Amino acid sequence: MNSIRKLTLTAMITALTALTSSFVFIPMGFAKIFPIQHLANVLTAVMLGPGYAIGQALLVSIIRNMAGTGSIFAFPGSMMGALLAGLLFRYTNKIGFACVGEVIGTGIIGALACYPLALLFLGKKVALFGFLPAFSISSLAGASIAFILLKVFLKNKYLEGLLYENSTYNRRL
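From a predicted model like this one, the values you see are computed outputs, not experimental measurements.

K.L.:
Could you clarify how one ought to interpret helix α2 (residues 36–48) in this entry?
P.N.:
At 3.6 residues per turn, the α-helix brings residues three or four places apart onto the same side. For α2, spanning 13 residues, the distance from its first C-alpha to its last is 17 Å, which sits close to the expected 18 Å at 1.5 Å a residue. Of all 13 residues in α2, 13 are buried; the element is thus mostly enclosed. Note on α2: the residue one or two positions beyond its end, Gly49, has a positive phi of about 115°.

Below you can see the structure in the form of structure tokens.
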């Protein structure tokens, strides 16, 4: 896949993620547990690679902040998940490892990296009992949805030619 197609696909994933997060899920009350960003991280990491996944996470964070629905914690935590998901998929060619990378990267490493900011801005009780569980649950939910969708798409050959170029999935399809 050429770079124009990759950038177009990244922009489409970014737009869908930003629109659903800013105008659908947040107004409905799903502000804390938001799996769509984690789903997008895994999809972008698997289809395009780690660099595009990080770019997508950054763009969604910028758009959400401009819409007033963002958080200072969104990009640092999400970036770690996107990077780890992309790297694990790149080196293992297994979707499950990409999903685990998202959960570990965002739900554990990202949450712990952002925890000092959460303490500063949210207070100890909210940071410990609200922020950390929300990051973990959200990343686990998004990665689980991504795993199911990717398996269905691969089984039905909907992603033929769209997976990361070095993937053994691409060579098998």
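Now that the structure has been shown, the text picks up again.
K.L.:
Which parts of the structure should I look at to understand unusual backbone geometry?
P.N.:
With the exception of glycine, most residues fall at negative phi, and the peptide bonds are largely trans. Its identity is not glycine, yet Asn93 carries a phi of approximately 60°, on the positive side. Its location among the elements puts Asn93 in the loop between α4 (74–92) and α5 (95–122). Residue classification places Asn93 among the buried residues on the basis of a relative accessible area of 15%.

K.L.:
Would you mind showing me how to read the packing of α5 against helix α6 (residues 124–155) here?
P.N.:
Packed helices, taken two at a time, are described by the angle between their axes plus the distance between the axes. Relative to each other, α5 and α6 sit at 160°, their axes nearing to 9 Å. The angle between the axes of α5 and α6 places the two elements in the roughly antiparallel class. For the crossing formed where α5 meets α6, the hand is right-handed. Residue classes in the contact of α5 with α6 are distributed as 21 nonpolar, six polar and two charged.

K.L.:
What am I meant to see in the nonpolar core here?
P.N.:
Core analysis: the largest hydrophobic core is formed by 23 residues, its most contacted members being Val42, Val46, Met47, Ile95, Ala98 and Leu150. Broken down by secondary-structure element, the contributors of at least two residues to this core are α1 (3–25), α2, α4, α5 and α6. Ranked by residue count, the leading element in this core is α2, at nine residues. Once residues within four sequence positions are removed from consideration, Ala98 is found in contact with Val42, Val46, Ala85, Leu88 and Phe89. Formed by nine residues, the second largest nonpolar core is a distinct cluster that contains Ala118, Phe131, Leu132 and Phe135.

K.L.:
Please explain the packing of α2 against α4 as it appears in this structure.
P.N.:
At a minimum axis distance of 8 Å, the contact between α2 and α4 shows a crossing angle of 35°. Considering only the axes of α2 and α4, their crossing is right-handed. Where α2 abuts α4, its residues Gln37, Asn41, Ala45 and Val46 lie against Ser78, Ala82, Ala85, Gly86 and Phe89. For the contact of α2 with α4, the residue count by class is five nonpolar, four polar and no charged.

Calculation criteria
- Residues numbered from 1 in each chain as written.
- Predicted model: local features only at pLDDT ≥ 70, side-chain atom pairs only at ≥ 80, totals over all residues.
- Heavy atoms only, no water.
- Helix = DSSP H or I, 4+ residues; strand = E, 2+ residues; numbered from the N terminus.
- Expected span 1.5 Å × (residues − 1).
- Buried < 20%, exposed > 50% of the residue type's maximum accessible area, 1.4 Å probe, protein only.
- Axes fitted to C-alpha atoms, helices over the stretch in contact; angles between N-to-C directions.
- Parallel < 35°, antiparallel > 145°, perpendicular 65-115°, else oblique.
- Left-handed = near helix turned anticlockwise from the far one by under 90°.
- Nonpolar A, V, L, I, M, F, W, Y, C, P; charged D, E, K, R; others polar.
- Core = buried A, V, L, I, M, F, W, Y, C linked by side-chain atoms within 4.5 Å.
- Contact = heavy atoms within 4.5 Å.

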